[in-house]
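The chain contents come next:
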2 protein chains.
Amino acid sequence: MANPTAAMLVIGDEILSGRTRDSNMHHLAGRLTEAGINLTEVRMVADDRMAIVEGVRALAREHDHLFTSGGIGPTHDDITADCVAEAMGASIDVRPDARAILQAHYDRQGIEMNEARLRMARIPEGAALIKNPISAAPGFTIGNVHVMAGIPAIFEAMVASVLPTISGGAPVLSESIRIDRAEGDIAARLNELAEEFTQLSFGSYPFRQNGEYGANVVIRGIDLQQINHAAAQLRAAFGEDAT
Amino acid sequence: MANPTAAMLVIGDEILSGRTRDSNMHHLAGRLTEAGINLTEVRMVADDRMAIVEGVRALAREHDHLFTSGGIGPTHDDITADCVAEAMGASIDVRPDARAILQAHYDRQGIEMNEARLRMARIPEGAALIKNPISAAPGFTIGNVHVMAGIPAIFEAMVASVLPTISGGAPVLSESIRIDRAEGDIAARLNELAEEFTQLSFGSYPFRQNGEYGANVVIRGIDLQQINHAAAQLRAAFGEDAT
């Protein structure tokens, strides 16, 4: 059975303007690989209603899961929750359960609730809340869409609490082989192996070190025996240049 | 007149598996902002023919420019050039001009040309070559699509040579104001400013420092006078908490 697929939608002007370097995509990619879920597409869009709604619709339809990051804070540019509700055909309003979580958090901290903060309790009807252990304002899951914060520490905590609720697949295993030959000298043999082992994927990542070319070849798949077999053949082909 | 728009397509299994953290998107975003070109969408896809062809078609159609990174090396998983040709309806083969560049480079280095290396001379008919000052294998521009390498040093060199050939827009200016108040206390005033200054964009980026909440507000636009005017109002609203 094929592993489930996932997509990610990264939301925020600051990413596209180059002001902020996104780190959530790389984090999620690693966690999904461990869970045996294939991340097959990522989109990054601005804080723009049409872009978010269309992105959510397309990616939720084409993948088993969609993860979003960003745009669920208290300011006017935080429109993700409303856009996801629109894309999924759900109504949205301040929800008592989310409001209670925020109110308790602010009461503990002596912060007043106001209209802006109340925006963070806007949750689509039928969605399940995702716990935010850092600043209380929850994310949510509606259908196959998991809506999370953009601040990396909060995003990562939300991923940790959502992933156990999702059925993963067989973990993807990999073996990395360093070959101290130029990629152009490795390519032909690698191509033969890729044609022989159709269940495995072969990635080649060139580098240059002390003026010499080399490549790290990564063999990935779910069958350890096949990976070992292919790795042995690759090592045999390049003798002492392969480590 | 509105500034031109751009999209980016990042191609590579290694990004989506979490093995490699992409840095090209952040680099391009910064350079485009300086050039007055609005990066409005980024997609990241695997080394998969359908995903690349569809990504190129959709993004080239919807934006003034499309920049791609990755998948133009010598190995079997380097299929970007062929996919871009397919998406743009162009024929593709080894081109004498690209082959001559590679041959001269390998001759200088005493490396033999082989079938794998020759793949890097596959360039769509009608495309203009993009110089690669590091490892010779060129990128190319076809229509509004600029195809570049994934290795960051080469990608960055190619961006530097392509951008001067593109008409930019008015440079986007910005002013950043630090406000030592929780974002929930800033949001209402910020929303009013966003409604008053419709030509500007207001981003709010919360942080927590020494247990205290704050936010950096970034005002962006092309009219410096408007930016200064909005910034002054924001500073006035938050007094000595704004710096």
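In case you missed it, the structure is sitting above this.
Given the structure is predicted, the values throughout are model-derived calculations rather than measurements.

A word on the overall build of chain A. Secondary structure summary: chain A contains nine helices and eleven strands in total. With the C-alpha coordinates aligned to their principal axes, the bounding extent of chain A is approximately 70 × 40 × 35 Å. Across the 243 residues of chain A, 53% fall into the buried class. Pairs at least 24 apart in sequence give 70% of the contacts found in chain A among residues at least 6 apart. With an accessible surface of roughly 10,500 Å², chain A has 49% of that area assigned to carbon and sulfur atoms. Side-chain charges of chain A comprise 20 positive and 32 negative groups, with the mean position of each set lying 4 Å from the other.

Another aspect to go through is the packing of aromatic side chains. Evaluated as defined, the whole model comprises zero aromatic pairs over all chains. Taking the ring centre of A:Tyr106 as reference, the NZ or CZ of A:Arg117 above it sits at 5.3 Å.

Next up on the list: helix H4 (residues 80-88) of chain B. Those residues of H4(B) that sit buried are B:Thr80, B:Ala81, B:Cys83, B:Val84, B:Ala85 and B:Ala87. Just downstream of H4(B) lies B:Gly89, where phi reads positive at about 65°.

Right, let's talk about the pattern of salt bridges for a bit. Residues and elements named next belong to chain A. Using the criterion set out here, one finds 22 salt bridges over all chains in the structure. When the shortest N-O distance is used, the salt bridge between Glu-34 and Arg-31 registers 2.9 Å. Here Glu-34 and its partner Arg-31 are both found in helix H2 (residues 24-35), three residues apart, which amounts to about one turn of the helix. Note on Glu-34: relative accessible area 52%, which makes it exposed. Residue classification places Arg-31 among the partly exposed residues on the basis of a relative accessible area of 28%.

Moving on to the packing of helix H3 (residues 49-62) of chain A against helix H4 (residues 80-88) of chain A. Residue and element names in this part refer to chain A. In the contact formed by H3 and H4, the axes pass within 8 Å of each other and the chain directions differ by 50°. Judged by the inter-axis angle, H3 sits oblique to H4. In this structure, H3 crosses over H4, and the sense of that crossing is right-handed. Facing H3, whose interface residues are Arg-49, Ile-52, Val-53, Val-56 and Arg-57, H4 presents Cys-83, Val-84, Glu-86, Ala-87 and Met-88.

With that out of the way, let us pick up the interface of chain B and chain A. Taken residue by residue, the interface counts 53 residues in chain B and 53 residues in chain A. Together chain B and chain A conceal approximately 4,300 Å² of surface at their shared face, both sides included; 55% is due to carbon and sulfur atoms. Counting across the interface, chain B meets chain A through two salt bridges. Residue A:Asp185 pairs with B:Arg117 through a salt bridge whose shortest N-O separation is 3.1 Å. There are twelve residue pairs in polar contact (both at pLDDT 80 or more) connecting chain B and chain A. Sorting the residues of the side of chain B that touches chain A by element identifies helix H1 (13-16), helix H2 (24-35), strand E2 (38-45), helix H6 (115-118), helix H8 (183-196), strand E10 (201-209) and strand E11 (212-221) of chain B as the ones contributing at least two each. Its residues placed into classes, the side of chain B that touches chain A shows 22 nonpolar, 19 polar and twelve charged. Relative to E2(B), strand E2 (residues 38-45) of chain A runs antiparallel, the two sharing five bridges. From the neighbouring strand, A:Val45 faces E2(B), where its bridge partner is B:Glu41.

The next point concerns the sheet that holds strand E9 (residues 173-179) of chain A. Residue and element names in this part refer to chain A. Judged by pairing direction, the sheet is antiparallel, and its three strands sit side by side in the order E9-E11-E10 without closing on themselves. For this open sheet the edge positions go to E9 and strand E10 (201-209), each flanked by a neighbour on one side alone. On average, adjacent strands in this sheet sit at an angle of 20° to one another, irrespective of strand direction. Inspection of the sheet shows E9 paired to strand E11 (residues 212-221) by seven bridges, in the antiparallel sense. Along E11, the bridge assignment pairs Glu-175 with Ile-219. Across the sheet, helix H8 (residues 183-196) is in contact with E9, E10 and E11; its angle to E10 comes to roughly 170°.

Burial of nonpolar side chains together is a common tendency in soluble globular proteins. Core analysis: the biggest nonpolar cluster contains 112 residues, and A:Met25, A:Leu39, A:Phe67, B:Met25, B:Leu39 and B:Phe67 have the highest contact counts within it. Beyond its immediate sequence surroundings of up to four residues, B:Phe67 is in contact with B:Ala6, B:Ala7, B:Met8, B:Leu9, B:Leu28, B:Leu32, B:His146, B:Met148, B:Val162, B:Leu163 and B:Ile166.

Residues and elements named next belong to chain B. Here Asn-3 is to be found in the segment before strand E1 (5-11). At a separation of 3.1 Å, a polar atom in the side chain of Asn-3 contacts the main-chain carbonyl oxygen of Gly-36. A polar atom in the side chain of Asn-3 sits 3.0 Å from the backbone oxygen of Ala-170. When residues no more than four places from it in sequence are discounted, the contact partners of Asn-3 are Gly-36, Asn-38, Gly-169, Ala-170, Val-172 and Ile-222.

For the rest of this paragraph, the subject is the packing of H8(A) against helix H9 (residues 224-238) of chain A. Residues and elements named next belong to chain A. The interhelical angle for the contact between H8 and H9, taken along N-to-C directions, is 155°, at an axis separation of 11 Å. The orientation of H8 with respect to H9, classified from their angle, is roughly antiparallel. Handedness of the H8/H9 crossing: right-handed. Seen from H8, the contacting residues are Asp-185, Ile-186, Arg-189, Leu-190, Leu-193 and Glu-196; seen from H9, they are Ala-230, Gln-233, Leu-234, Ala-237 and Phe-238. A class-by-class count of the residues in the contact of H8 with H9 yields seven nonpolar, one polar and three charged.

Rules behind the numbers
- Residues numbered from 1 in each chain as written.
- Chains lettered and ligands numbered in written order.
- Predicted model: local features only at pLDDT ≥ 70, side-chain atom pairs only at ≥ 80, totals over all residues.
- Heavy atoms only, no water.
- Helix = DSSP H or I, 4+ residues; strand = E, 2+ residues; numbered from the N terminus.
- Buried < 20%, exposed > 50% of the residue type's maximum accessible area, 1.4 Å probe, protein only.
- Contact = heavy atoms within 4.5 Å.
- Areas by Shrake-Rupley, 256 points an atom, 1.4 Å probe, with all protein chains shown as cover.
- Lys, Arg positive; Asp, Glu negative; His and termini not counted.
- Charge placed at Lys NZ, Arg CZ, Asp CG, Glu CD.
- Phe/Tyr/Trp six-rings, centres within 6.5 Å; stacked < 30°, edge-to-face > 60°.
- Lys NZ or Arg CZ within 6 Å of the ring centre and 35° of its normal.
- Salt bridge = Lys/Arg side-chain N within 4 Å of Asp/Glu carboxyl O.
- Axes fitted to C-alpha atoms, helices over the stretch in contact; angles between N-to-C directions.
- Parallel < 35°, antiparallel > 145°, perpendicular 65-115°, else oblique.
- Left-handed = near helix turned anticlockwise from the far one by under 90°.
- Buried area = accessible area lost by both parts, 1.4 Å probe.
- Polar contact = N/O pair within 3.5 Å; in protein donor to acceptor, adjacent residues only side chain to side chain.
- Nonpolar A, V, L, I, M, F, W, Y, C, P; charged D, E, K, R; others polar.
- Pairing = 2+ DSSP bridges.
- Core = buried A, V, L, I, M, F, W, Y, C linked by side-chain atoms within 4.5 Å.

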